[in-house]
Amino acid sequence: MTTARELIVEADGGSRGNPGPAGYGAVVLDPVTGETLAEAAEYIGVATNNVAEYKGLVAGLTAARALFPDATVHVRMDSKLVVEQMSGRWKIKHPDMKPLAAEAGRVFPAGRVRYEWIPRELNKHADRLANEAMDAGKQGRQWEPSGSTAALDAVAARNAAALPPSGPPGDATAGAARARAALATRTSGTPVEAVTGSADVRGDGLFAAEEAGASSGDFEAEAGAAAPTGHAARVLAPTAPTAPTAPTAATAAVPAEPSATAAAPAGSAAPCQGWAGPDMGAPATFVLLRHGETALTPEKRFSGSGGTDPELSAAGLRQAEAVAAALAARGTIQEIVSSPLTRCRQTAAAVAARLGLDVQVERGLRETDFGAWEGLTFGEVRERYPRDLEDWLASPKAAPTGGGESFAAVARRVAATRDRLTAAHAGRTVLLVTHVTPIKTLVRLALGAPPESLFKMELSAASISAVAYYADGNASVRLLNDTSHLR
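Analysis parameters
- Residues numbered from 1 in each chain as written.
- Predicted model: local features only at pLDDT ≥ 70, side-chain atom pairs only at ≥ 80, totals over all residues.
- Heavy atoms only, no water.
- Helix = DSSP H or I, 4+ residues; strand = E, 2+ residues; numbered from the N terminus.
- Buried < 20%, exposed > 50% of the residue type's maximum accessible area, 1.4 Å probe, protein only.
- Contact = heavy atoms within 4.5 Å.
- Areas by Shrake-Rupley, 256 points an atom, 1.4 Å probe, with all protein chains shown as cover.
- Pairing = 2+ DSSP bridges.
- Axes fitted to C-alpha atoms, helices over the stretch in contact; angles between N-to-C directions.
- Core = buried A, V, L, I, M, F, W, Y, C linked by side-chain atoms within 4.5 Å.
- Parallel < 35°, antiparallel > 145°, perpendicular 65-115°, else oblique.
- Nonpolar A, V, L, I, M, F, W, Y, C, P; charged D, E, K, R; others polar.
- Salt bridge = Lys/Arg side-chain N within 4 Å of Asp/Glu carboxyl O.
- Lys, Arg positive; Asp, Glu negative; His and termini not counted.
- Polar contact = N/O pair within 3.5 Å; in protein donor to acceptor, adjacent residues only side chain to side chain.
- Phe/Tyr/Trp six-rings, centres within 6.5 Å; stacked < 30°, edge-to-face > 60°.
- Expected span 1.5 Å × (residues − 1).

Colleague: Quick question: what am I supposed to make of the overall build of the protein chain here?
Modeller: Looking only at helices and strands, the protein chain has 12 helices and 11 strands in total. The proportion of buried residues among the 487 residues of the protein chain is 55%. Counting contacts in the protein chain only where the partners sit at least 6 residues apart, residues at least 24 apart contribute 77% of the total. When the accessible surface of the protein chain is summed, it comes to about 19,200 Å², and 53% of that surface belongs to carbon and sulfur atoms.

Rendered as structure tokens:
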């Protein structure tokens, strides 16, 4: 079965006089990448704020339907009135708004749209579009997409918001964000601070990370899970320091090991295959973040949950700040869950500080226990424990020397953790800060890939991947090994 695409619609409207000259703005966003998919804005003459907001909602939903008619939509607005009325919790009494609410309700079938109130400062893109439309009306014309700087302004604002002036003088990243915001103001011809509504200075991915192009890093399970494809995917054969490709005669799926489709949350229907099936609503989307580098990463040493629990290195701390800025700029993360290991908690803390969120700790997201191999390179393990290594490469049921975890055991643990988290966070976008093996395992299970695919995927330090989980047990790999924020 195909699963419906989820979209985010942010909408706003304003009136300079209430009633007075009014306009609306709406933007359609990708929920995983934060990418702008469509914009709409219009000067509507003299109207109230609420009418303009409703017209913005209709325009945003219509733009989303034009892109993906079968989508599910997450509407985010700073109008408590519109959100509560469209959610059915408040009655609609005003005669000017009843037909607009009815029109909005007809764009998508009931149950395919959910509404969320957000603070005004998080709705800057739509706010800027609405103000552009009102500015155009003041000049006797209509808003035109070719003249809009709203997307640029919103991006610049996210960076500025994500990068408070706490860094040292000459901070290149914060400086770049401020320069971008200044350029956006100049281009629009209207000082950002002067437009109606709150001004916006977010960011555009100008992340000062010196570790661009970092290698896939420590052996936290460089031999870890599957080879997905899709947006930003890089599927590589293992290189010299990494484990060689598993033999073609590798064992079949391990009994009791969870499959991609058998891992539906408790109580869900059996997953559908093919092209028909019920609309299962908004998925739980896990943005999977591998922690930043430690001292063991550049040396490609096994670093699991049974070793020294190293901290982030200076390079790893820079990577954590870079990915935190990138995620703050996207603005889609609603909750953060981390492995209990120090390197993940440090990385998660950097993101949490930017987003103003708490960090939940989940033991099921910890890295594989590599037993006696902890701290060793692949070559050192091959020299000291050649037979054990050979068995480990050949079968997911084989454990590292000295009582470590097999990949089959890790898969069962990770699948159980996935099921708990998807049940707890249905319809939410959650950042999971974890390690190579758990991330690759989640992707492998989502794709239904065999155990031997464990050795065919690269996952860099501080990289971002994403998987969406639907209520029927189906999963969609959205992103793999994105390191653009480190360049």
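Anyway, onward from the coordinates.
Colleague: Mind showing me how you'd approach the sheet that holds strand β7 (residues 335–338) here?
Modeller: Strands in a sheet are paired, the pairing made by backbone hydrogen bonds, and the direction either parallel or antiparallel. Pairing in this open sheet of six strands is mixed, and the strands run β8-β7-β9-β6-β10-β11 from one edge to the other. At either margin of the open sheet sits one strand with a lone partner, and together these are β8 (359–361) and β11 (475–482). Taken over all neighbouring pairs, the strand axes of this sheet differ in orientation by 20 degrees on average, direction set aside. One ladder, built from five bridges, connects strand β10 (residues 464–469) with β11; its direction is antiparallel. Looking across to β11, one finds that Ala466 is bridged to Leu479. Set on the sheet, helix α11 (residues 407–424) makes contact with β6 (284–290), β7, β9 (429–434) and β10; between it and β6 the angle comes to about 130 degrees.

Colleague: What should I look at first to understand the nonpolar core in this one?
Modeller: The nonpolar side chains of a soluble globular protein tend to be buried with one another. With 30 residues, the main nonpolar core has Tyr54, Leu57, Leu61, Val75 and Met86 as its most contacted residues. Mapped onto this core, the elements with two or more residues apiece are β1 (6–15), β2 (20–29), β3 (36–47), α1 (49–67), β4 (72–77), α2 (80–86) and α3 (98–107). Tallying contributions element by element places α1 first for this core, with eight residues. Excluding residues within four positions of it along the chain, Tyr54 makes contact with Val82, Gln85, Met86, Ile92, Met97, Leu100 and Ala101.

Colleague: When you look at the packing of α11 against helix α12 (residues 436–447) in this model, what are you seeing that I'm missing?
Modeller: The relative placement of two packed helices comes down to the angle between their axes together with the axis-to-axis distance. One way to put it is that α11 packs onto α12 with a least axis distance of 10 Å and a crossing angle of 75 degrees. Relative to α12, the element α11 is oriented roughly perpendicular. Contacts between α11 and α12 involve Phe407, Val410, Ala411, Val414, Ala415 and Arg418 on the former and, on the latter, Thr437, Pro438, Thr441, Leu442, Arg444 and Leu445. Class assignment of the residues belonging to the contact of α11 with α12 gives a composition of eight nonpolar, two polar and two charged.

Colleague: Hey, could you run me through the pattern of salt bridges in this one?
Modeller: Two side chains that carry opposite charge are able to pair once their charged atoms sit near each other. Under the counting rule described, the total for this entry stands at 17 salt bridges. Across the salt bridge formed by Arg114 and Glu6, the nearest N and O atoms sit 3.1 Å from each other. Here the residue Arg114 occupies a position in strand β5 (residues 113–117), and Glu6 occupies one in strand β1, the gap between them amounting to 108 residues. Since its relative accessible area comes to 28%, Arg114 is described here as partly exposed.

Colleague: Explain the side chain of Arg366 here, please?
Modeller: Take Arg366: it is sitting in the loop between β8 and α9 (378–384). We note that Arg366 is buried and unpaired, the nearest opposite charge coming from Glu405 at a distance of 4.3 Å. Polar side-chain contacts of Arg366 include one of 2.9 Å to the backbone oxygen of Arg363. Filtering out sequence-adjacent residues up to four positions away, Arg366 remains in contact with Ser305, Ser339, Pro340, Glu405, Arg413, His435 and Pro438.

Colleague: Would you mind going over unusual backbone geometry with me for this structure?
Modeller: Phi is mostly negative for residues that are not glycine, and the peptide bonds are mostly trans. Here the amide bond leading from Asn18 into Pro19 is cis, since omega sits at 0 degrees, within 30 degrees of zero. Structurally, Pro19 is set in the loop between β1 and β2. Unusually for a residue other than glycine, Asn18 sits at a positive phi of about 45 degrees. On the basis of relative accessibility, which here comes to 42%, the residue Asn18 falls in the partly exposed class. Even without being a glycine, Ala462 presents a positive backbone phi close to 60 degrees.

Colleague: So what exactly am I meant to see when it comes to the sheet that holds β5 here?
Modeller: Judged by pairing direction, the sheet is mixed, and its five strands sit side by side in the order β3-β2-β1-β4-β5 without closing on themselves. Two strands close off the open sheet at either side, each with one partner strand: β3 and β5. Each adjacent strand pair in this sheet contributes to an overall mean axis angle of 20 degrees, direction not counted. Contacting β1, β2, β3, β4 and β5, α1 runs over the sheet at an angle of about 155 degrees to β1.

Colleague: Help me understand the pairing of β9 in this model?
Modeller: On a regular strand, each side chain points to the face opposite its neighbour's, so the side chains alternate between the two faces of the sheet. The buried fraction of β9 is high, at six of six residues. Here β9 shows a buried face lined by Thr429, Leu431 and Val433 and a second buried face lined by Val430, Leu432 and Thr434. Where β6 meets β9, six bridges bridge the pair, whose relative direction is parallel. Among the inter-strand pairings, Arg290 is bridged to a residue of β9, identified as Thr434. Across four bridges, β7 lies against β9 in parallel orientation.

Colleague: What's the story with the packing of aromatic side chains in this structure? I'm lost.
Modeller: The way to describe two aromatic rings as a pair is by their centre distance and the angle between their planes. Under the counting rule described, the total for this entry stands at eight aromatic pairs. The interplanar angle of 90 degrees and the centroid separation of 5.1 Å between the aromatic rings of Trp373 and Trp392 together place this pair among those described as edge-to-face. Residue Trp373 is found in the loop between β8 and α9, and its partner Trp392 is found in helix α10 (residues 386–394); the two are separated by 19 residues along the sequence. Across this residue pair, the class does not change: Trp373 and Trp392 are buried. Among the aromatic residues, ring-to-ring pairing joins Phe302, Phe370, Trp373, Trp392, Phe407 and Phe455 into one connected group.

Colleague: Can you walk me through α11 in this structure?
Modeller: Since there are 3.6 residues in each turn of an α-helix, residues three or four apart along the chain are aligned in direction. Between the first and last C-alpha of α11 there are 25 Å, a value that for 18 residues agrees with the 26 Å anticipated at 1.5 Å per step. Within the span of α11, buried status applies to Phe407, Ala408, Val410, Ala411, Arg413, Val414, Ala415, Thr417, Arg418, Leu421 and Thr422. Those residues of α11 that are buried lie in contact with β6, β7, α10, β9, α12 and β10.

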